[in-house]
Amino acid sequence: MPADRLLNTLLQYYQDVHDEPKSEQILGTTVHLLTHLGNPLNLGVLTSQLLTAPAIWQRPGFDLSHALRVVSIYNSAALRVRQDAAEALERKKNHNAAGFVPPLPSQERESGGGLKPDDWVRAVVKGADDRSARWQHLLVLTGVLVGFEGNDRRTLSRGLRSTLQQAVVVAANLALQSHAEDGPLAEASIVMALNYAFPLLSEHHQAQLDCDVLLPVMLWAMLREGCGDGLFLQDIARDVTQTVGGSGGGSCSWPQHAPSFAALVELDRRPVMSNMGPLAKMAAFAATHAKDTNVVLQAQDDVVLFSHKLLDAWARNRLSGVEFGLASAALSPDTLQATWPVLWQVLRKIMFGVVATLQAIVSRSLLDPRMLHEAVAPVVAAKSLQILRNIYFISSVNGNDAFQVYTFTYLTSLDVICRSGAACEKFLGDFRPTDGLALPSAHLQRTLDLYYLNVAEHMPLSLTTEAADALVIKPATAYLSFDGAMSPTMVQIFESAHSAVLSVLSCPQHSALTMQLAPFYIVKLFESFPRRISPRQFRVAFKTVIQMVSPPFPIAAQEPLLGETLLEMLLAAAAAAPTTPLEPDEATLAASAESGAETTMQSAQSALVLALVDALPFLPLPLVEEWMDVAARTLNAIADPRLRRPVRDRFWDILINGEMDVERSAIGVAWWGTKGGRELVLGGGRTAAPSEELPMMSGALMPPPESKL
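All values derive from a computational prediction rather than experimental measurement.

## A short note on the overall build of the protein chain
Part 1 of the argument: Tallying secondary structure elements over the protein chain gives 38 helices and 2 strands in all.
Part 2 of the argument: The proportion of buried residues among the 709 residues of the protein chain is 50%.
Part 3 of the argument: A fraction of 75% describes how many contacts in the protein chain between residues 6 or more apart in sequence connect residues 24 or more apart.

Written out as structure tokens, the structure is:
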């Protein structure tokens, strides 16, 4: 059938609503005609009629995916027009090279409309007239732009390309102005169309988008249309059951045939969720370029509200009690292999979308004068940290927070809030773990407590001593006193609690608290080692405490014997410590793998002696030589040469690598060279044989050979 007659038939079909197969046939015919009509006026009529056709816009179950078919129609048509134009150009070149132009077969003459891409675009765009809505125009323009210019295709002339980009921006801005009247489907269509068109717009045209209106529409589409306000987690909760095992244990079951799983799979396939990454980038662009600061502040409030809903919905779900690292023991096989991975795939997409948007808001807060105001900046930072807390049940899993955007957002927010002691105190006060004798047994609450301790670690310098005690020390020591089973999360909490306590001890203004806390903390440190804390962490903790109770810190003048008392405690612990080698912790294994070196063997005894050696650069001057003797004798009490060698190497490293200041270095040189230090370290006090080659400090002079009398 000739294209013109087929056009009349198609336009008649446009006027009625049809069943699904017929509707799909109509769409296919539309693409065919768009590529075969040679009259520009007919192309304009076809586009104009399509944009108002009941067969397109009123088909049963019309949703966002159907609206996006319009983009697909014009994208496919543009690709075909581009291909036909390229083939025609190639034929012309071949014919000119041969010296003659033979007539084309009839089927080849009728394979396309014959319009050049620029002419085809002008004809189609004229069909986007006042009889249809601006958001519908945007769908057509986006399809045309993507078809001709996507994937680095440069089909259109430079002038028309710029004109088409300008038309997309104008249609988008006009559609945004009327989005409330056009309805939710129009809003989602605007967002998705811009998602496809945005990367193809020049920076000049991107800057013309009305970001003050675009930003809230973007967030609505991402958080409500795409994520459903997190309510899908409540639907899942209704389908999760607890099965009881024969020994009294049990596992959670969320089967594949559950309606909530089918709904989750469908949610993941929807256009918004499947494009969460690009949409988040565009939301970040809008947050960066919005002219009205209040729009950005409201956007942050919207993200805070969403994160609260997401966390609350997760807390009502039995799956929130399953620790990710222990999922194999807590979930049924079907859940573990089928439904659980899909759930976390969706949750990760949500987290990435939230963090990417938040990062743009935090970045803007460093430049926008209104957001930099001393009354606003801490509030913005506190809300950012609150958002990160609410999604920490996702970001804390399997290294999900190990990407640059998250790190920037987290650390920048901490830097800003720490400028205000009142803001720090309020934030910690709002989320402080509940007081009580029993620690929370729920995995989710422990996860939130872990986030709290990680944040609290950065804030002691900004807090009063009373606040540091109430908001950092007490929550941390509650976990340091924990004596139950150590799951992977509990190991992280235990380490974070140590870091939080050490951060308070490291602040000179909290010296009164340090005097009270140091003995208690050291006792807890010894009780925890090596079962609950690694050798590396023990050494860092002990060295930090010794540094804080030694000059020039004020506590050294108030309690001059405290440092030596702690050293005596360490010495006593080393004497009674086990001598069997310890399994290396994950951090040590990772460091060894990265450097390519062998993992250093340590026992509890050798680790305690290493901690003693680490403390030498911080001791008061009168104690340095004495404790060098003690450390040398103690290291030679390590019987296993494999365990003794790393301690000896560390002792030598302390003496030569510059960790000691000038005065302590002078004491060390004299002790090593003339006071028997070398013999103590290398031979336990024995005199070296004449033929034995001993290590020498840089610049040392060899003693002259003894003369015979």
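## As for the confidence of the model for the protein chain
Part 1 of the argument: Overall, the predicted model of the protein chain reaches an average pLDDT of 88, with 90% of residues at or above 70.
Part 2 of the argument: Across the protein chain, the element-wise mean pLDDT spans from 38 in helix 6 (residues 106-109) up to 98 in helix 22 (residues 377-390).
Part 3 of the argument: For residues 104-111, every residue scores under 50 in pLDDT, and the model assigns this stretch 8 contacts once sequence neighbours within four places are set aside.
Part 4 of the argument: Every residue in residues 686-694 is under pLDDT 50, and counting partners more than four places away or in other chains gives 6 contacts.

## Quick look at the pattern of salt bridges
Part 1 of the argument: Tallied over the full model, the rule gives 25 salt bridges.
Part 2 of the argument: Each of the salt bridges in this network shares a partner with another, and the network as a whole consists of Arg539, Asp614, Arg650, Asp653 and Glu659.

## Thoughts on unusual backbone geometry
Among all residues except glycine, the phi angle is most often negative; among peptide bonds, the trans geometry is most common.
Part 1 of the argument: Here Phe529 and Pro530 are connected by a cis peptide whose omega angle stands at 0 degrees.
Part 2 of the argument: Structurally, Pro530 can be placed in the loop between helix 29 (511-528) and helix 30 (535-548).
Part 3 of the argument: Note the cis peptide between Pro551 and Pro552, where omega equals 10 degrees.
Part 4 of the argument: As for its placement among the helices and strands, Pro552 is situated in the loop between helix 30 and helix 31 (555-558).
Part 5 of the argument: Its identity is not glycine, yet Asp152 carries a phi of approximately 60 degrees, on the positive side.
Part 6 of the argument: Summarising the element assignment, Asp152 is placed in the loop between helix 8 (134-149) and helix 9 (158-177).
Part 7 of the argument: If you check the backbone angles, Asn398 has positive phi at about 55 degrees while not being a glycine.
Part 8 of the argument: Looking at the element boundaries, Asn398 is found in the loop between helix 23 (392-395) and helix 24 (404-417).
Part 9 of the argument: Judged by relative accessible area, which is 59%, Asn398 ranks as exposed.

## Brief notes about the environment of Phe529
Part 1 of the argument: Note on placement: Phe529 falls in the loop between helix 29 and helix 30.
Part 2 of the argument: Residues Phe529 and Ala577, spaced 48 residues apart in sequence, show a C-alpha to C-alpha distance of 9.9 Å.
Part 3 of the argument: Not counting residues within four places of it along the chain, the set of residues in contact with Phe529 comprises Ser534, Pro535, Phe538, Leu582, Ala604, Ala607 and Leu608.

## Overview of the packing of helix 18 (residues 293-315) against helix 22
To describe two helices that pack against each other, one gives the angle between their axes and the distance between the axes.
Part 1 of the argument: Contact pair helix 18 / helix 22: the axes reach a minimum separation of 9 Å and the direction vectors enclose 25 degrees. With respect to helix 22, the axis of helix 18 lies roughly parallel. The handedness of the crossing between helix 18 and helix 22 comes out as left-handed. Residues Leu297, Gln300, Asp301, Val303, Val304, Ser307, His308 and Leu311 of helix 18 pack against Val380, Lys383, Ser384, Gln386, Ile387, Arg389 and Asn390 of helix 22.

## Here we look at the nonpolar core
Part 1 of the argument: One finds Trp120, Met459, Phe542 and Phe651 to be the most contacted residues of the largest nonpolar core, which totals 232 residues.
Part 2 of the argument: When residues in this core are grouped by element, the largest group, 15 residues, is from helix 20 (residues 333-365).
Part 3 of the argument: Here Met459 is in contact with Leu385, Leu414, Ile417, Cys418, Cys424, Phe427 and Leu428, once residues within four sequence places are set aside.

## Description of the environment of Gly114
Part 1 of the argument: Relative to the helices and strands, Gly114 resides in the loop between helix 6 and helix 7 (117-126).
Part 2 of the argument: The class of Gly114 is exposed, set by a relative accessible area of 71%.
Part 3 of the argument: Each C-alpha atom, one on Gly114 and one on Ala88, is 8.8 Å from the other, the two residues being 26 residues apart in sequence.

## Concerning the packing of aromatic side chains
Part 1 of the argument: One pass over the full model with this rule turns up 22 aromatic pairs.
Part 2 of the argument: On the basis of an interplanar angle of 85 degrees and a centroid distance of 5.2 Å, the ring pair of Phe352 and Phe403 is categorised as edge-to-face. Here Phe352 is found in helix 20, whereas its partner Phe403 is found in the loop between helix 23 and helix 24, with 51 residues between them in sequence.
Part 3 of the argument: Under the relative-accessibility criterion, Phe352 is labelled partly exposed at 38%.
Part 4 of the argument: Since its relative accessible area comes to 23%, Phe403 is described here as partly exposed.
Part 5 of the argument: Of the aromatic side chains, those joined through ring pairs into one cluster are Phe352, Tyr392, Phe403, Tyr406, Tyr410 and Tyr451.

## Things to note about the side chain of Asn317
Part 1 of the argument: With respect to the helices and strands, Asn317 occurs in the loop between helix 18 and helix 19 (327-330).
Part 2 of the argument: A polar side-chain atom of Asn317 sits 3.0 Å from the main-chain carbonyl oxygen of Leu233.
Part 3 of the argument: If near-sequence neighbours (up to four positions away) are discounted, Asn317 is found in contact with Leu233, Ile236, Ala237 and Val240.

## Observations regarding helix 20
Part 1 of the argument: Here helix 20 spans 47 Å end to end across 33 residues, near enough to the 48 Å set by a 1.5 Å rise per residue.
Part 2 of the argument: The sharpest bend along helix 20 comes to roughly 40 degrees, located at Thr339, with the proline Pro341 sitting one to four residues further on.

## So, the packing of helix 2 (residues 20-36) against helix 3 (residues 40-50)
Part 1 of the argument: At their nearest, the axes of helix 2 and helix 3 sit 10 Å apart, and the two run at 155 degrees to each other. Considering their axes alone, helix 2 and helix 3 lie roughly antiparallel with respect to each other. Every pair of crossing elements has a handedness; the one defined by helix 2 and helix 3 is left-handed. Contact with helix 2, carried on its side by Thr30, Leu33 and Leu34, involves Leu43, Leu46, Thr47 and Leu50 of helix 3 and no other residues of that element.
Part 2 of the argument: Counted by class, the contact of helix 2 with helix 3 contains 5 nonpolar, 2 polar and no charged residues.

## A short note on a nonpolar patch on the surface
Part 1 of the argument: The grouping of Leu366, Leu367 and Phe408 at the surface amounts to a nonpolar patch, some 280 Å² of accessible area in total.
Part 2 of the argument: Judged by relative accessible area, which is 34%, Leu366 ranks as partly exposed.

## Comments concerning helix 27 (residues 465-480)
For an α-helix, 3.6 residues make a turn, and residues three or four places apart therefore share a direction.
Part 1 of the argument: At Ile473, helix 27 shows its largest kink, close to 35 degrees, and the proline Pro475 lies no more than four residues downstream.
Part 2 of the argument: All buried positions along helix 27 are accounted for by Ala467, Ala468, Leu471, Val472, Ile473, Pro475, Ala476, Thr477, Tyr479 and Leu480.
Part 3 of the argument: Those residues of helix 27 hidden inside the fold are in contact with helix 25 (421-431), helix 26 (443-456), helix 28 (488-505) and helix 29.

The rules behind the values
Residue numbers restart at each chain and count upward from 1, following the sequence in its written direction. In keeping with the model being predicted, local features are shown solely for residues with a pLDDT of at least 70 and side-chain atom pairs are shown and tallied solely at 80 or more, while totals for entire chains, interfaces and linings include all residues. For the side-chain quantities, the full set of heavy atoms in the structure was used; hydrogens and water were omitted. Helix numbering and strand numbering both begin at the N terminus, where a helix is a DSSP run of H or I of at least 4 residues and a strand a DSSP run of E of at least 2. Throughout, exposure labels follow a simple rule: accessible area from a 1.4 Å probe, protein chains only, divided by the maximum for the residue type, with under 20% read as buried, over 50% as exposed, and the rest as partly exposed. Note on contacts: a residue pair is in contact if any heavy atoms of the two residues lie within 4.5 Å. A residue's pLDDT is the predictor's confidence in that residue, given on a scale from 0 to 100. Salt bridge criterion: a side-chain nitrogen from Lys or Arg within 4 Å of a carboxyl oxygen from Asp or Glu. Interaxial angle, 0 to 180 degrees, is taken between N-to-C directions of lines fitted to C-alpha atoms, where a helix line uses only the stretch in contact. In this scheme, roughly parallel covers angles under 35 degrees and roughly antiparallel covers those over 145, while 65 to 115 is roughly perpendicular and the rest are oblique. Each crossing gets its handedness from the near helix: less than a right angle anticlockwise from the far helix is left-handed, clockwise is right-handed. Residues grouped as a nonpolar core are buried Ala, Val, Leu, Ile, Met, Phe, Trp, Tyr and Cys residues, joined through side-chain atoms within 4.5 Å. Only the six-membered ring of Trp is used, alongside the rings of Phe and Tyr, when aromatic pairs are assigned; centres must lie within 6.5 Å, and planes under 30 degrees apart are stacked while those over 60 apart are edge-to-face, with the rest tilted. As used in this structure description, the phrase polar contact means that two N or O atoms lie within 3.5 Å; if the pair is within protein, one of them must be able to donate a hydrogen and the other to accept it, and residues adjacent in sequence are counted only when both atoms belong to side chains. For a helix, the expected span equals 1.5 Å multiplied by the number of residues minus one. To get the bend at a given residue, fit one axis to the seven residues ending there, fit another to the seven starting there, and take the angle between those axes. The classification used treats Ala, Val, Leu, Ile, Met, Phe, Trp, Tyr, Cys and Pro as nonpolar, Asp, Glu, Lys and Arg as charged, and all other residues, Gly among them, as polar. Patches in this entry comprise residues that are over 30% relatively accessible and not in a salt bridge; like charges within 9 Å are linked, as are nonpolar side chains (Val, Leu, Ile, Met, Phe, Trp, Tyr) within 5 Å. Surface exposure here means Shrake-Rupley accessible area, sampled with a 1.4 Å probe, where a residue is shielded only by the protein chains that are shown.

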